[in-house]
Amino acid sequence: MLSTSANPPEEHRLTLNEVLEMAVADGLIDAAQAAALKAERRLHGDTKQHPLAVIADQRWRSLQPPQKLLNLDALTEWLAARCGLDYMHIDPLKIDFTGIAEVMSSAYAARFAILPVQVTSREIVIATAEPFVREWEGELRQILRTGIRRVMANPDDISRYLVEFFNLAKSIKKAAAKGETASALSSFEQLVELGKANRQFDANDQHIVHIVDWLWQYAFDQRASDIHIEPRRDVGIVRFRIDGVLHQVYQIPMAVMTAMTSRIKLLGRMDVIEKRRPQDGRIKTRTPGGQEVELRLSTLPTAFGEKLVMRIFDPEVLVRDFRSLGFSQEDGTRWQQMTAAPNGIILVTGPTGSGKTTTLYTTLKHLATPEVNVCTIEDPIEMVEPAFNQMQVHHAIDLNFADGVRALMRQDPDIIMIGEIRDLETAEMAIQAALTGHLVLATLHTNDAPSAITRLLDLGVPAYLINSTLLGIMAQRLVRTLCPHCKKSVPISDEERVAWRSLVHPWKAAEPTHIHHATGCLECRMTGYSGRIGVYEILVNSPEVRRLIRPGAEIPKIREQAFREGMHPLRVSGALKLAQGMTTIEELIKQLPPADDN
């Protein structure tokens, strides 16, 4: 390790030869590789690329076990340790832009290629990719009169975020300077300060446009499924839902947040002036990579102003296959057999956010051939798909699910999808459609598949109609999947063995000797999880099950019969994914219903 105390190296920027010699000395690469790269660079001339980036472009693997790929992050982390500095991966969702912009100007940061990444009362953390350039450190310590801690970060990240962070901080500062407080009519309480302008912001202000665009870009980059913009007493809070879990990512001045909400409502063709009642809208935009993405907007008046939630719909959902959704081969076969029937009702059940809509859209996309007419009635339309004829419920004009199905029946449909069966009238219309030769897919809110039968009976649907129309029921949940880059296989502990047995009881499933744990890495933002997958329970309405469907039907008996016919309960399906190293016991216990309900 290079000394940083007794005889620190002279002030200088890293050179390619210097870094290659260090890498050879540490056994990362061999001398022949280093010599070849030096010769190539001499031949083609020097570039402005950082030496670490030049080496990362070679796609070499470390000679040290476990022979990891020497990408830019790995090389930066190695050099940081060699120079006695901490390594930091810059996470844009954890940076306080307004705070870092107060530390130094963007011109000063660009001059030394440094970036403030954390500001506390005790110290300021500054990222650099040049460990032997320290001139700025003394200057800042003297000017700011606080502790300075240097960390090393990926040089490409510093170059990128140096521009983005300072531009965003500048936009927020200039937007906030246009009016200290915004008068939100829907606020439960307002603080009126004498002498303040209390002006509303222009939603088309260039700074507000920049902030909103940046927010969307990072939501797409981080695989967020929802963006929450929430007013508080003094600040606006921005949170992203990633893999089903909410993460607070930014705090924004209230006045800026109000202007952001107005900007988004304007783009979603919503009433910008109306802040006293909930509204819905939608926006179609593109990711930085050019892929189309649809956002569904929903506003809600709260005590401190208007709350806005944007749900992000990934169009890739419509081209996924059942295996990628999480169907096992057996479940996929049963589901495709059910949906291949010419007529009848198929129910998909589960709580909000369990992936029912994704399953239905994927299924309909596979069924929507040019020979069939697929019609849907939804509240609201989740994703616009040209292959379907989609209609939205409008309560203001008394167009409900039942009326929608009634109208669709006159449209010569082959397949009908009903967003949700909420009442007897909708259930009766669904059964009528099935009896007249249509295939009907619908959702229902129940804990598991057998409970859907008693739910229909409770709504008032006669048992004989359920018997004659119901093809089957699928219950589902979403569980987070382990990050493939950092999951770790460990021997199963006694406590985990007990949890495993409770999951599979009363099934006799082979007990795994090892299971995987979440550890956390840069790829998964240190959560240990990346993405989600479905867990399914499919009940086929067989002749034996039909005999049990009658007034006062007992769920345990129906469940027991379905088990005998090959239905895997949700907890058993989850346990099988656990044994395959796809998720964790903690995630299954958190997301799946208790054994008593399943």
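Residues numbered from 1 in each chain as written. Predicted model: local features only at pLDDT ≥ 70, side-chain atom pairs only at ≥ 80, totals over all residues. Heavy atoms only, no water.

### Considerations on the overall build of the chain
Each helix and strand in the chain was counted, giving 22 helices and 19 strands. Buried residues in the chain amount to 52% of all 598 residues. Counting contacts in the chain only where the partners sit at least 6 residues apart, residues at least 24 apart contribute 65% of the total. On the chain, roughly 28200 Å² of surface is accessible, and the fraction owed to carbon and sulfur atoms is 51%. Within the chain, the 74 negative side-chain charges are centred at a point lying 1 Å from the centre of the 68 positive side-chain charges. (Helix = DSSP H or I, 4+ residues; strand = E, 2+ residues; numbered from the N terminus. Buried < 20%, exposed > 50% of the residue type's maximum accessible area, 1.4 Å probe, protein only. Contact = heavy atoms within 4.5 Å. Areas by Shrake-Rupley, 256 points an atom, 1.4 Å probe, with all protein chains shown as cover. Lys, Arg positive; Asp, Glu negative; His and termini not counted. Charge placed at Lys NZ, Arg CZ, Asp CG, Glu CD.)

### With respect to the pairing of strand S8 (residues 279-286)
Sheet topology note: the S8/strand S9 (residues 292-302) ladder contains 8 bridges and is antiparallel. The residue bridging Gln279 from the neighbouring strand is Thr299, located in S9. Hairpin connection of S8 to S9: 5 residues between the antiparallel strands, including Gly290 at a positive phi of 95°. (Pairing = 2+ DSSP bridges.)

### Describing the UniProt feature "domain: Bacterial type II secretion system protein E" (unreviewed entry) in the chain
The positions that UniProt labels "domain: Bacterial type II secretion system protein E" (unreviewed entry) are, in the present scheme, residues 409-423. The span residues 409-423 carries 0% helix and 27% strand; its end-to-end C-alpha distance comes to 18 Å. (UniProt positions renumbered as here; feature names shortened; annotations may be inferred.)

### Overview of the sheet that holds strand S2 (residues 114-119)
Note on sheets: strands pair through backbone hydrogen bonds, and any given pair is parallel or antiparallel. With respect to topology, 4 strands assemble into an open sheet ordered S1-S4-S3-S2, the strand pairing being mixed. Among the strands making up the open sheet, the edge pair consists of strand S1 (86-87) and S2. Relative to strand S4 (residues 147-152), strand S3 (residues 123-128) runs parallel, the two sharing 6 bridges. Paired with Ile126 across the two strands is Arg150, which belongs to S4. Those strands touched by helix H8 (residues 155-177) are S2 and S3, and its axis lies near 65° from that of S2. (Axes fitted to C-alpha atoms, helices over the stretch in contact; angles between N-to-C directions.)

### Points about the layout of surface pockets
One number sums up the size of the second largest pocket: a volume of about 840 Å³. Around the second largest pocket sit 26 residues that line it, and Asp73, His89, Cys521, Leu522 and Glu523 are the ones nearest its centre. Residue composition of the lining of the second largest pocket, by class: 11 nonpolar, 5 polar and 10 charged. (1 Å grid on protein atoms, 1.4 Å probe; cavity = no way out; pocket = protein on both sides within 12 Å on 5 of 7 lines; lining within 4 Å. Points joined across faces, edges and corners; volume = space filled by probe spheres on them. Nonpolar A, V, L, I, M, F, W, Y, C, P; charged D, E, K, R; others polar.)

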